[in-house]
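Spelled out, the chains give:
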Amino acid sequence: MFQTYRDPVLKRKLNKLNKQIKKLDQKIETEAFTNELLNVNATDGTVWKFVTPFKKKTKSIPSLNGPGGIANTDLEKANFLAESLETQFTLNNITNPDTEELVADSVMRFRTEANSVCKDFDPPLPSEVLDCIKSLRINKAPGIDGINNKMIKNLPLHTILTITTIIHKIMTLGHFPTRWKTATVVPILKPGKDPTDTTSYRPISLLPSLSKIAEHLILKRLNNYLKENNVLCPEQFGFREKLSTSHQLIRVVEYVTEGFANKQKTGLFS
């Protein structure tokens, strides 16, 4: 009617009705959201379905060019990227029978010794698991299980005890769950690269946070065993506590400098 008569009184009534409609609409949406939230259940999987839309921050990948043509669908793009990454990360075919035999023998001997060693490891404590959980960052992306760090930080005590038991079984049985070793690979476009080229993407592997907790506790015990039994040679600097490859480089420089000072020759081979 306001469109016909252009009466200011009708205009005020129209504005009032619009406000009431908006409030009613917001109330209906709030009630629907509340009911949906109340009906979420962790046992039937509805909780994951509910929280998934809030976690998605994905950017679409354009059509990709590859040896097989052009990839338009998500499945085709995934296959193109998988083939490209497989080609990039395939090891060079460098074989040495003597080295391979030595490595195989060392691995077999280590596995035999590790079976008895792992049984002697101190079982993980719930307090250790809690310390690992406290150090997790909530902004990290979850792995294939969809369990993010914020969820883990809010787990009840009985779940922490269950996780501790699982990690203890991993140590005693020597079996790491395959699901915890399965990563979600996310392609990230390299800066300044062509987004339609499959080689322009670098992969980021997202592992489940629970597997990282287990790895941390296992690594801690392995490092203690290696240190207490002097298994590693003194020249091994990489991946050791308070040591790095930079320290090893400084060590080499010191040897060379000392040789120059004593008018000696320093040789290097690899």
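Reading guide: rules and limits
Residues numbered from 1 in each chain as written. Predicted model: local features only at pLDDT ≥ 70, side-chain atom pairs only at ≥ 80, totals over all residues. Heavy atoms only, no water. Helix = DSSP H or I, 4+ residues; strand = E, 2+ residues; numbered from the N terminus. Buried < 20%, exposed > 50% of the residue type's maximum accessible area, 1.4 Å probe, protein only. Contact = heavy atoms within 4.5 Å. Areas by Shrake-Rupley, 256 points an atom, 1.4 Å probe, with all protein chains shown as cover. pLDDT = per-residue confidence, 0-100. Core = buried A, V, L, I, M, F, W, Y, C linked by side-chain atoms within 4.5 Å. Salt bridge = Lys/Arg side-chain N within 4 Å of Asp/Glu carboxyl O. Phe/Tyr/Trp six-rings, centres within 6.5 Å; stacked < 30°, edge-to-face > 60°. Polar contact = N/O pair within 3.5 Å; in protein donor to acceptor, adjacent residues only side chain to side chain.

## Digging into the overall build of the protein
For step 1, the next point in the chain: Each helix and strand in the protein was counted, giving 11 helices and 4 strands.
For step 2, the next point in the chain: Burial analysis of the protein (270 residues in total) assigns 18% to the buried set.
For step 3, the next point in the chain: For the protein, the share of sequence-separated contacts (at least 6 apart) that also reach a separation of at least 24 residues comes to 52%.
For step 4, the next point in the chain: Of the roughly 21400 Å² of accessible surface on the protein, 58% is carried by carbon and sulfur atoms.

## Here we look at the confidence of the model for the protein
When pLDDT is low, close inspection of the predicted coordinates is not appropriate.
For step 1, the next point in the chain: On average, residues of the protein score 83 in pLDDT, and 89% of them reach the 70 mark or higher.
For step 2, the next point in the chain: When pLDDT is averaged over each helix and strand of the protein, the minimum, 54, is found for helix 1 (residues 2–5) and the maximum, 95, for helix 6 (residues 126–134).

## A word on unusual backbone geometry
For step 1, the next point in the chain: If you check the backbone angles, N230 has positive phi at about 50° while not being a glycine.
For step 2, the next point in the chain: Among the structural elements, N230 can be located in the loop between helix 10 (209–228) and helix 11 (245–261).
For step 3, the next point in the chain: Look at K242: it is not a glycine, yet its phi comes out positive at around 60°.
For step 4, the next point in the chain: Assignment of secondary structure puts K242 in the loop between helix 10 and helix 11.

## Points about the nonpolar core
Nonpolar side chains in soluble globular proteins tend to end up buried together.
For step 1, the next point in the chain: By size, the foremost hydrophobic cluster in this structure holds 17 residues, and its most contacted members are V129, I167 and I213.
For step 2, the next point in the chain: Sorting the residues of this core by element identifies helix 6, helix 8 (157–173) and helix 10 as the ones contributing at least two each.
For step 3, the next point in the chain: Apart from residues lying up to four places away in sequence, V129 is in contact with I160, I163, T164, I167, I213 and L217.
For step 4, the next point in the chain: If you look at the next biggest cluster of nonpolar residues, it comprises 5 residues, including L64, A71, F80 and Y201.

## Structural notes on the pattern of salt bridges
For step 1, the next point in the chain: The final tally for this structure, using the stated rule, is 2 salt bridges.
For step 2, the next point in the chain: Across the salt bridge formed by K220 and E128, the nearest N and O atoms sit 3.2 Å from each other. Separated by 92 residues along the polypeptide, K220 in helix 10 and E128 in helix 6 bring together distant segments of the chain.
For step 3, the next point in the chain: The partly exposed category is assigned to K220, whose relative accessible area is 41%.
For step 4, the next point in the chain: The salt bridge partner of E128 is R221, with a shortest N-O separation of 2.7 Å.

## With respect to the packing of aromatic side chains
For step 1, the next point in the chain: In the structure shown here, the tally under the stated rule is 1 aromatic pair.
For step 2, the next point in the chain: With a centroid separation of 6.0 Å and an interplanar angle of 65°, the aromatic rings of F176 and W180 are classed as edge-to-face.
For step 3, the next point in the chain: Using a relative accessible area of 16% as the deciding quantity, one classes F176 as buried.

## Concerning the environment of Y201
For step 1, the next point in the chain: Structurally, Y201 can be placed in strand 4 (residues 201–206).
For step 2, the next point in the chain: Counting along the chain gives 10 residues from Y201 to P191, while the straight-line C-alpha distance between them is 9.3 Å.
For step 3, the next point in the chain: Apart from residues no more than four positions distant in its own chain, Y201 is found in contact with I61, P62, L64, L81, L85, P187, I188, L189, K190 and P195.
For step 4, the next point in the chain: Polar side-chain contacts of Y201 include one of 2.6 Å to the backbone oxygen of P195.

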